[in-house]
Amino acid sequence: MNEDTRTAIRPFELDIPQAALDDLAARLGATRWPDEPTASGWSQGVPPAYLKELAGHWRTAYDWREHEANLNRFPQFTTTIDRTNVHFLHVRSPEPDALPLLITHGRPGSIVEFLDVVGPLTDPRARGGTSAHTFDLVIPSIPGSGSSALRGDLAGDRLRGGVRRPASPQFRDAGQGGQRAGDRLSLSGGQLGDERGQVACAVVMA
């Protein structure tokens, strides 16, 4: 595989096979629940009644296709970074001078938590705002989350590096729309809260 193939940005659409959803429902329905604890509340762990209600919601009430279609409203792509497949949204503003903004979620978390702000950030004028606060958005699923893969041998290094590591060229080029050095690229990040430390970034790079 040559370098151009590895770093290519590939269109992506979420389409989970129905067989996988049916299998999940069957496995949830076949769960063998533990005995009721001797104490009430959460003192001995998650109450079985709570877990049963949660599993029932995922098995019968949660409409995966509705949420899948909601995510597919936005332009999605994948690319390879540090030998890892990374999924991201790339939503352009209709404003020609929009500022590129890279938004990352934390762990636990996902890009879904940002879907409601995509419109206000990319097209504020359509919502009574001003074009002075307009962004082209790049929103990746962090490695190991959603449709992004996780490579265990790389995860620690990436987390420890935090915002000190330069932005991947694919994201930088996507955000800048082909513009080159000297243009601004804004970053906004969540927390990666685990034993390898927490990363929280809110920086503007020139």
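What you see is a predicted model; the values in this text were computed from it and never measured.

What counts, and where the lines are drawn
Residues numbered from 1 in each chain as written. Predicted model: local features only at pLDDT ≥ 70, side-chain atom pairs only at ≥ 80, totals over all residues. Heavy atoms only, no water. Patch = residues over 30% accessible without salt bridge, like charges linked within 9 Å, V, L, I, M, F, W, Y side chains within 5 Å. Areas by Shrake-Rupley, 256 points an atom, 1.4 Å probe, with all protein chains shown as cover. Salt bridge = Lys/Arg side-chain N within 4 Å of Asp/Glu carboxyl O. Helix = DSSP H or I, 4+ residues; strand = E, 2+ residues; numbered from the N terminus. Phe/Tyr/Trp six-rings, centres within 6.5 Å; stacked < 30°, edge-to-face > 60°. Buried < 20%, exposed > 50% of the residue type's maximum accessible area, 1.4 Å probe, protein only. pLDDT = per-residue confidence, 0-100. Contact = heavy atoms within 4.5 Å. Pairing = 2+ DSSP bridges.

Caption draft 1: Molecular detail of a nonpolar patch on the surface. Where nonpolar side chains cluster on the molecular surface, the patch consists of Trp-33, Trp-42, Val-46, Tyr-50, Leu-51, Leu-54 and Trp-58 and spans about 690 Å² of accessible area. Looking at the element boundaries, Trp-42 is found in the loop between helix H2 (18-29) and helix H3 (48-61).

Caption draft 2: Summary view of the packing of aromatic side chains. Taken as a whole, this structure holds four aromatic pairs when the rule is applied. Both rings, one in Tyr-62 and one in Trp-64, keep their centres 6.5 Å apart while their planes meet at 35°; by these two values the pair is tilted. A relative accessible area of 25% places Tyr-62 in the partly exposed class. Of the residues examined, Trp-64 reaches a relative accessible area of 27% and is grouped as partly exposed. The rings of Trp-58, Tyr-62 and Trp-64 are connected pair by pair, giving a single aromatic cluster.

Caption draft 3: Structural context of the confidence of the model for the protein. Averaged over every residue, the pLDDT of the protein is 78; residues scoring 70 or more account for 69%. In the predicted structure, residues 154-166 sits below a pLDDT of 50 and forms 21 contacts with residues beyond four places in sequence or in another chain. Within the model, the stretch residues 193-206 combines pLDDT values under 50 with 34 contacts to residues more than four positions away or in other chains.

Caption draft 4: View of the pairing of strand E3 (residues 84-91). Taking burial as the measure, the eight residues of E3 include seven buried ones, the bulk of the element. Between the end of strand E2 (residues 76-81) and the start of E3, which pair antiparallel, lie two residues, with Asp-82 showing a positive phi angle near 50°. Of the strand pairs in this sheet, E3 and strand E5 (residues 135-140) are connected by four bridges, and their pairing is antiparallel. For His-90, the partnering residue across the bridge sits in E5 and is Val-138.

Caption draft 5: Summary view of unusual backbone geometry. Here the amide bond leading from Arg-107 into Pro-108 is cis, since omega sits at 0°, within 30 degrees of zero. Locating Pro-108 in the fold gives a position in the loop between strand E4 (99-103) and helix H5 (115-122). Phi is positive for Asp-82, which is not a glycine, with a value near 50°. Note that Asp-82 resides in the loop between E2 and E3. On the accessibility criterion, Asp-82 (32% relative accessible area) is partly exposed.

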